[in-house]
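# Per-entry structural report
Below are the chains, spelled out letter by letter.
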Amino acid sequence: MSGRIHDWAAEVTGGRDRDELLQSKRKFAHRDQGDMELMLDNFTAGCRKALRPTERDRPTRRGLLRRR
């Protein structure tokens with residue numbers, strides 16, 4: 001992330017159109033956010049499997065838990 005900010009600052013000071021740069025950086029930021037969310041989901045799933053190996057892969061429906 002710091003590399004992208006550094007590159008953006010260098011391009012702005014180099015005279016490149018600021019609006020064009022912002023549009024380009026938004027595209028990268030949106031993609032980065034999706035990538036981070038996917039990595040976090042995978043990490044969370046891995047932690048859950050390691051910490052609770054007997055837990056089901058699918059979440060249990062709440063209605064089934066309340067039945068006695």
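Another point: the overall build of the protein. Of regular secondary structure, the protein possesses 3 helices and 0 strands. In sequence order, the secondary structure elements of the protein are arranged as α-α-α. Within the protein, the proportion of its 68 residues that are buried is 1%.

Let us now look at the environment of Arg4. Locating Arg4 in the fold gives a position in helix α1 (residues 2-13). Beyond its immediate sequence surroundings of up to four residues, Arg4 is in contact with Phe28, Arg31 and Asp32.

Right, let's get into the environment of Ala29. Secondary-structure assignment places Ala29 in helix α2 (residues 18-51). Relative accessible area serves as the criterion here: at 43%, Ala29 is assigned to the partly exposed category. Sequence spacing of Ala29 and Arg4 is 25 residues, and the spatial spacing of their C-alpha atoms is 9.8 Å.

The pLDDT averaged across the protein works out to 77; a share of 75% of its residues lies at or above 70. Averaged pLDDT values over the elements of the protein bottom out at 55 in helix α3 (residues 62-66) and peak at 87 in α2.

Scoring rules and cut-offs
- Residues numbered from 1 in each chain as written.
- Predicted model: local features only at pLDDT ≥ 70, side-chain atom pairs only at ≥ 80, totals over all residues.
- Heavy atoms only, no water.
- Helix = DSSP H or I, 4+ residues; strand = E, 2+ residues; numbered from the N terminus.
- Buried < 20%, exposed > 50% of the residue type's maximum accessible area, 1.4 Å probe, protein only.
- Contact = heavy atoms within 4.5 Å.
- pLDDT = per-residue confidence, 0-100.

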